[in-house]
Amino acid sequence: MFRLLKQHWSGLRLRGWAGLGLWLGVTLLAVACHGWLSWGNQSPANPRVRLTNLVDPAQAWNFTPEPDRFSPQALLDLRYLNEAVAGQSGFIRRSDNGQDFVTGAGQPIRFWAVNTEIWKSKPSAMAEHARFLAKRGVNMVRWHGQIPSSNPKDGLNAINLTARDQLWQLVAAMKKEGIYTTLSPYFAAALPLQPNWPVPRDSDTMMGLLFFDPVVQAAYKDWWRALLEPVNPYTGLALKDDPAVALLQLQNEDSLLFWTLERLKGGDLDLLLGRYWDWLMAKYGSLDATLKAWQQSSIEGDNPSQGRLGLIPIGEMTQSSGGRSEEHTSELQSPCNLVCRLLLEKK
């Protein structure tokens, strides 16, 4: 463990009390793990990692604490650190210098955030879980769900009404304990595809499509509207008007500047390459001018007679290719910014 920390410690930046707390926490973790967990000289990110459990079963015991009764005599209860209700003074926003978060009243706030799937349970379980988290100092949870409909009979633009109701209940329960919610309603890699959807055309996942496919982008806007605009019956506020909703995560683990670009196939890839061609012609004016700027370089996938020029795999974009890598990066960044604009458009 100590060898691992020494190897990766240079990548950490520590500042002030937060940095000191992180340093102490990692040190205590290392001390706790020393002697029973060994990574040797390998990184835990290495798939060939060797884990050795050296715990003596005779010195171990089951950790099965009793349910928390939230006794007022508890030695540790951090609920008082949270607001009486989340968003009591208005929406979370950035500080004037853009470096921190502040409450609606302009007071600095830091978030101790966790993921939770308690929204899949009944409301009473959500309320108890919210109290449990608040007692331990948590003041933000992330709802990481899938808002597109999972009904095979529904079209792409329909939403999962059950998932929305579960989210509404979660926001209400957490709000009462001073806990803000982050919304993460779309994860392309894990989204189950439905037979009535017109996409993906030939790819086996939805990954990457949000950044350039107008069909997916139109559905995406509809999903967000159906999520944010109706009134939450458990709070009396639409999510768009509820300051207990602190953050909107527009997409999760997806990009055109990512390995997922290579998952695009057939009609989906052709759509992207068509947009790429149009962009190149608008920038350079002609195919000849484009190839001249690229020093006549060519790659697999080039088909100029069909109005198509291939894309360099993401792992090769930093290699020398006669200026072509720079153009790919520039073009792919443009649609990557599209998602951030979708919710800002007045449509």
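What this report covers is the structure whose coordinates are included nearby.

About the criteria used
- Residues numbered from 1 in each chain as written.
- Predicted model: local features only at pLDDT ≥ 70, side-chain atom pairs only at ≥ 80, totals over all residues.
- Heavy atoms only, no water.
- Phe/Tyr/Trp six-rings, centres within 6.5 Å; stacked < 30°, edge-to-face > 60°.
- Helix = DSSP H or I, 4+ residues; strand = E, 2+ residues; numbered from the N terminus.
- Buried < 20%, exposed > 50% of the residue type's maximum accessible area, 1.4 Å probe, protein only.
- Lys NZ or Arg CZ within 6 Å of the ring centre and 35° of its normal.
- Core = buried A, V, L, I, M, F, W, Y, C linked by side-chain atoms within 4.5 Å.
- Contact = heavy atoms within 4.5 Å.
- Pairing = 2+ DSSP bridges.
- Axes fitted to C-alpha atoms, helices over the stretch in contact; angles between N-to-C directions.
- Expected span 1.5 Å × (residues − 1).
- Salt bridge = Lys/Arg side-chain N within 4 Å of Asp/Glu carboxyl O.
- Parallel < 35°, antiparallel > 145°, perpendicular 65-115°, else oblique.
- Left-handed = near helix turned anticlockwise from the far one by under 90°.
- Nonpolar A, V, L, I, M, F, W, Y, C, P; charged D, E, K, R; others polar.

It is worth spelling out the packing of aromatic side chains at this point. Tallying each qualifying case throughout the model produces eight aromatic pairs. Centre to centre, the rings of Y220 and W224 are 6.3 Å apart; their planes meet at 75 degrees, and the pair counts as edge-to-face. In this pair, Y220 and W224 both sit in helix α5 (residues 214–228), four residues apart, roughly one turn of the helix. On the basis of relative accessibility, which here comes to 1%, the residue Y220 falls in the buried class. Residues F258 and W259 carry aromatic rings whose centres are separated by 5.7 Å and whose planes lie at 45 degrees to one another, so their mutual orientation is tilted. By way of ring pairs, the aromatic residues Y186, Y220, W223 and W224 are connected into one cluster. Lying over the aromatic face of F132, R136 brings its terminal NZ or CZ to 3.6 Å of the ring centre.

Here the focus is the nonpolar core. Membership of the largest hydrophobic core comes to 55 residues, with the highest contact counts inside it found for Y186, M206 and L239. The set of elements that each furnish at least two residues to this core consists of α3 (123–135), β7 (140–144), α4 (161–176), α5 and α6 (266–284). For Y186, the residues in contact, after removing those within four places along its chain, are G145, Q146, P148, L191, M206, L210, V216, Y220, W223, Q251 and N252. Listed in part, the seven residues of the second largest apolar core include I109, M140, A244 and A246.

A few words on the sheet that holds strand β5 (residues 108–109). The sheet built from three strands is open, its strands ordered β3-β4-β5 with antiparallel pairing. On the outer flanks of this sheet lie β3 (93–94) and β5, each paired with one strand and no other. The sheet contact formed by β3 and strand β4 (residues 101–102) spans two bridges and is antiparallel. Paired with R93 across the bridge in β4 is V102.

With that settled, consider the sheet that holds strand β6 (residues 113–115). Strands sit in the order β6-β7-β8-β11 across an open sheet of four strands; the sheet is parallel. Of all strands in the sheet, those bounded by a partner on one side alone are β6 and β11 (245–248). If you compare each strand with its neighbour and ignore which way they point, the axes differ by 25 degrees on average. Where β6 lies against β7, three bridges are found, and the strand directions are parallel.

This part is about unusual backbone geometry. Residues V199 and P200 are joined by a peptide bond in cis, for which omega reads -10 degrees. Summarising the element assignment, P200 is placed in the loop between β8 (180–184) and α5. A positive phi angle, near 50 degrees, is found at E253, a position not held by glycine. Its relative accessible area of 54% is what places E253 among the exposed residues. The residue Q295 is not glycine, and still its phi comes out positive at about 60 degrees. Position of Q295 relative to the elements: it lies in the loop between α7 (287–293) and α8 (324–336).

A separate point is α3. Residue pairs spaced three or four apart in an α-helix point in one direction, given the helix's 3.6 residues per turn. When the terminal C-alpha atoms of α3 are compared, their 19 Å separation across 13 residues agrees well with the 18 Å that a helix rising 1.5 Å per residue should span. Taken as a whole, α3 has its buried residues at M126, A130, R131, L133, A134 and K135. Among the structural elements, β6, β7 and α4 are those in contact with the buried residues of α3. Positive phi appears at G137, one or two residues downstream of α3, with a value of about 90 degrees.

Attention now moves to the pattern of salt bridges. Here the structure, examined in full by the defined rule, presents 13 salt bridges. Note that K120 and E117 form a salt bridge whose closest N and O atoms lie 3.4 Å from each other. Its salt-bridge partner being R308, residue D270 comes within 2.9 Å of it at the nearest N-O pair. A residue pair is termed long-range when its members are at least 10 positions apart, and D270 in helix α6 and R308 in the loop between α7 and α8 qualify at 38 residues. Since its relative accessible area comes to 38%, D270 is described here as partly exposed. In this structure, a network of salt bridges that share partners links the residues D68, K135 and R136.

Mapped onto the elements, W223 comes out in helix α5. With relative accessibility at 1%, the residue W223 sits in the buried group. Other than its neighbours up to four places away in sequence, W223 contacts I147, P148, L156, N157, A158, I159 and Y186.

Moving on: the packing of α3 against α4. Running from N to C, α3 and α4 point in directions that differ by 40 degrees, and their axes come no closer than 9 Å. Taken together, the axes of α3 and α4 are oblique relative to one another. Like other packed secondary-structure pairs, α3 and α4 cross with a definite hand, here right-handed. In this structure, α3 uses P123, M126, A127, H129, A130 and L133 to contact α4, whose residues at the interface are Q166, Q169, L170, A173 and M174. Here the residues of the contact of α3 with α4 sort into eight nonpolar, three polar and no charged.

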